[in-house]
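Residues per chain are reported as follows:
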Amino acid sequence: MLVAGAALAGCGQQRDADTYTVMNSSTDESYHRWDAEAMARCGKELGVTIEQQSVPAAQVMTKALRMASSKSLPDIVQFDASEMPTFADAGGLVDLRTLGLSTDDIPDGIVDFGSYKGTYYGAARSVNTLALFYNKDVLDQAGVEVPTTWAELRATAQKLTRGKQYGLALSAGGAEDGVFQFTPFMWSNGGDETDLDGPKVVEALDYWKGLLKDRSLSKSTVNWTQADVNDQFMAGNAAMMINGPWQVETLNSDTSLHWGIAPIPVPRAGDDSVGPLGGAVLTVPNTGDEAREKTAGKIVACLASEKEQLTYALNSWMVPANAKAAAVWREKVPELDSLADQVAVARSRTAKLGAGWSSVSLALQSAFQSALTGQSSETALKRAQQRATSGN
């Protein structure tokens, strides 16, 4: 836990009193611009200069740990919510409630998303989850309704599989993308990440195997990222896909593609469609400089305010974390209404396991590769449970 002592040891370098740094993963030109504009507005409001430092998402954690050890942490770090517990576990973050941030208008699931062991360390501006995207023209031509249950999804996917077109595309690749996409099937069925070889998880993986057996899924599913899945859908190689709102900007770039969105089908009619909460949280690292931490808290509060959340969510097609902002968002983008419904019951991947989630994720990734290429779901998940608990 190299960060603990280092992060608490205070600032190792002299900082410009009126300049605050935010490290994030907004390397994409659009996101970088939207963040820069929000920071300029908040800086003006608070009378400070806010500088953005964007690094690739995969490097945020390692860079933050390195900066902690050299006592050069930025004032604010935006972590992927699944990574935040690792930094919090090492004592590297400040409790946002002590800096005056309120969680009054934030749904419990989203508060959990930014919390570790009951302490609120990360403020989400927007959140995302997964939904079922479908090609309206293809479903209309086939005379089929949008599926709402597993049985309907399997039957519909089978009916829509013809020629080079698969009925459904999803990611079961050996990375977090695949695990993210499996959680709605596992959780909606009552499965749990603390019991990977439990019958409900086995049943969910067997369901994926059934789709593969029907040839409704491509064999390449085990290699696809969520970006690959979107490419297949846009190329007309899949009639439906499991994906998230971050694809909307790309989908809308093809005006001939008429797509719709619906909740991910559930095992039985009436079940909740429980998806994973995705997104990032703004955190204040523990630098030991209480005055700067207090101002950093005000910056986070501004960036995560109702008004700024709405602006950010409308730009990025994500769902605002604040319930009041989300209500306005629904009115402005009614075509994504079902996404807001999914977010309302979505779960944080790290709520139960905290920093232990990464072991479960790696174990599940191996299980998909084994089960979808021939091994029984039971055997693959038994091995996954052993790996998750033994840590190797």
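For the structure itself, look to the data block above.
Fair warning: this is a prediction, and the values are worked out from it, not measured in the lab.

Right, let's get into the environment of I50. Within the element layout of this structure, I50 appears in strand β2 (residues 49-54). In this structure, the C-alpha to C-alpha distance between I50 and A296, residues 246 residues apart in sequence, is 9.8 Å. The residues touching I50, leaving out its near neighbours within four places in the chain, are Y20, V22, M39, C42, G43 and I299.

Now for the packing of helix α16 (residues 357-371) against helix α17 (residues 377-390). Where α16 contacts α17, the two axes come as close as 8 Å, and the packing angle between them is 160°. Relative to α17, the element α16 lies roughly antiparallel. α16 and α17 meet at a crossing whose hand is right-handed. From α16, S359, V360, A363, L364, S366, A367, S370 and A371 reach across to α17, where they touch S377, A380, L381, A384, R387 and A388.

Hydrogen bonds along the backbone pair up the strands of a sheet, which may run parallel or antiparallel. Spatial strand order, β9-β10-β8-β11: four strands in an open sheet with mixed pairing. Among the strands making up the open sheet, the edge pair consists of β9 (166-169) and β11 (259-262). Strand-to-strand twist across the sheet, computed as the mean angle between neighbouring axes with direction ignored, equals 20°.

This part takes up the sheet that holds strand β6 (residues 123-124). Pairing is mixed across the open sheet formed by five strands, whose spatial order is β2-β1-β3-β12-β6. The sheet is open, and its two edges are formed by β2 and β6, each paired on a single side. When strand β1 (residues 19-24) meets β2, the two strands line up parallel, connected through six bridges. If you follow Y20 over to β2, its bridge partner there is I50.

A word on helix α9 (residues 199-213). End to end, α9 covers 20 Å across 15 residues, agreeing with the expected 21 Å (1.5 Å per residue, within 8%). For α9, the complete set of buried residues consists of V201, V202, A204, L205, Y207, W208, G210, L211 and L212. Where α9 is buried, its residues contact α7 (150-160), β9, α8 (176-188), α16 and α17. In the segment just after α9, R215 is the residue with positive phi, at about 65°.

The next point concerns the pairing of strand β8 (residues 131-135). Burial of β8 is extensive: five of the five residues sit out of reach of the surface. A two-sided burial pattern is seen for β8, the buried positions comprising A131, F133 and N135 on one face and L132 and Y134 on the other. Two elements, β8 and strand β10 (residues 238-243), share four bridges in a ladder whose sense is antiparallel. Bridge assignment links F133 to a residue of β10, and that residue is M241. Bridge analysis of β8 against β11 gives four bridges, and the strand direction is antiparallel. Pairing of Y134 across the sheet is with G260, part of β11.

Definitions and limits used
- Residues numbered from 1 in each chain as written.
- Predicted model: local features only at pLDDT ≥ 70, side-chain atom pairs only at ≥ 80, totals over all residues.
- Heavy atoms only, no water.
- Helix = DSSP H or I, 4+ residues; strand = E, 2+ residues; numbered from the N terminus.
- Contact = heavy atoms within 4.5 Å.
- Axes fitted to C-alpha atoms, helices over the stretch in contact; angles between N-to-C directions.
- Parallel < 35°, antiparallel > 145°, perpendicular 65-115°, else oblique.
- Left-handed = near helix turned anticlockwise from the far one by under 90°.
- Pairing = 2+ DSSP bridges.
- Expected span 1.5 Å × (residues − 1).
- Buried < 20%, exposed > 50% of the residue type's maximum accessible area, 1.4 Å probe, protein only.

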